[in-house]
Amino acid sequence: QVQLVESGGGLVQAGGSLRLSCAASGSIFSIAFMGWYRQAPGKQRELVAAIGSGGRPNYADSVKGRFTISRDNAKNTVYLQMNSLKPEDTGVYYCNYRWVAFSPLGSWGQGTQVTVSS
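S.K.: Just to check I follow, could you spell out the state of the cysteines for this structure?
M.R.: Note on terminology: disulfide describes a covalent bond linking the sulfur atoms of two cysteines. Within the structure shown, the criterion is met by one disulfide. Between cysteine 22 and cysteine 95 runs a disulfide, and the two sulfur atoms are separated by 1.9 Å. When the S-S torsion is 65°, as for the bridge of cysteine 22 with cysteine 95, the disulfide is right-handed. Of the two residues, cysteine 22 sits in strand β3 (residues 18-24) while cysteine 95 sits in strand β9 (residues 91-98), which places them 73 residues apart along the sequence. According to the relative accessible area criterion, cysteine 22 is buried, its value standing at 1%.

Shown next as structure tokens:
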């Protein structure tokens, strides 16, 4: 098991930017899928961005063109650069992984709170 620790959240005005980090306790080199999820108040957790072992990203329609996911295997860290933030981006952001396609997700960390004020 790899333990994940998210950081970088905060309070920002609409239109602002934040960069989230997800630090892993072990190597992420072989991990096929790493993703960022968010859970807004009163809503289910949703996948907003994912990146494969080869570096190919995928995004939810709601964040396309504004968010960028990246991974640094040397630092065992995944990032989420969030630009042009909107109030609807508010929520707790979590990262997670799958060792291979369709394998179970890992354990959830504590997440990092992002609050976007209008």
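S.K.: In this structure, what is going on with the packing of aromatic side chains? I would like to understand it.
M.R.: What characterises a pair of aromatic rings is the spacing of the ring centres plus the angle enclosed by the ring planes. Enumeration over the complete set of coordinates arrives at three aromatic pairs. Pairing tyrosine 94 with tryptophan 108 gives two aromatic rings, centres 5.8 Å apart and planes at 80°, and the pair type is edge-to-face. You can see tyrosine 94 sitting in strand β9 and its partner tryptophan 108 sitting in the loop between β9 and β10 (112-117), a full 14 residues away along the chain. Using a relative accessible area of 11% as the deciding quantity, one classes tyrosine 94 as buried. Put simply, the rings of Tyr37, Tyr94 and Trp108 pair up and form one aromatic cluster.

S.K.: Can you walk me through the pairing of strand β5 (residues 46-52) in this structure?
M.R.: Remark: a regular strand shows side chains that alternate across the two faces of the sheet. Most of β5 is tucked away, with five of its seven residues classed as buried. Alignment of strand β4 (residues 33-39) against β5, held across six bridges, turns out to be antiparallel. Bridge assignment links methionine 34 to a residue of β5, and that residue is isoleucine 51. Counting the residues between successive antiparallel strands, the hairpin from β4 to β5 contains six residues, one of them, glycine 42, with a positive phi of roughly 75°. Across three bridges, the pairing between β5 and strand β6 (residues 57-59) is antiparallel. The partner of alanine 49 across the bridge, within β6, is tyrosine 59. If you look at the hairpin formed by β5 and β6, you'll find four residues sitting between the two strands, and glycine 55 has a positive phi there, around 95°.

Criteria and thresholds
Residue positions within a chain follow its written sequence, with the count starting from 1. With the structure being a predicted model, the display of local features is reserved for residues of pLDDT at least 70 and the display and counting of side-chain atom pairs for 80 or more, all residues being used for whole-chain, interface and lining totals. Values reported for side chains reflect all heavy atoms of the structure, with hydrogen atoms and water molecules removed beforehand. Two cysteine sulfur atoms make up a disulfide if the distance between them is within 2.5 Å. Under the DSSP-based scheme used, a helix requires at least four consecutive residues in state H or I and a strand at least two consecutive residues in state E, with every element numbered from the N terminus. When accessible area is computed with a 1.4 Å probe and restricted to protein chains, residues below 20% of their type maximum are described as buried, those above 50% as exposed, and intermediate ones as partly exposed. Between the rings of Phe, Tyr and Trp (Trp by its six-membered ring), a pair exists once the centres lie within 6.5 Å; its type follows the angle of the planes, with under 30 degrees stacked, over 60 edge-to-face, and the other angles tilted. Here, strands pair whenever DSSP counts at least two bridges between them.

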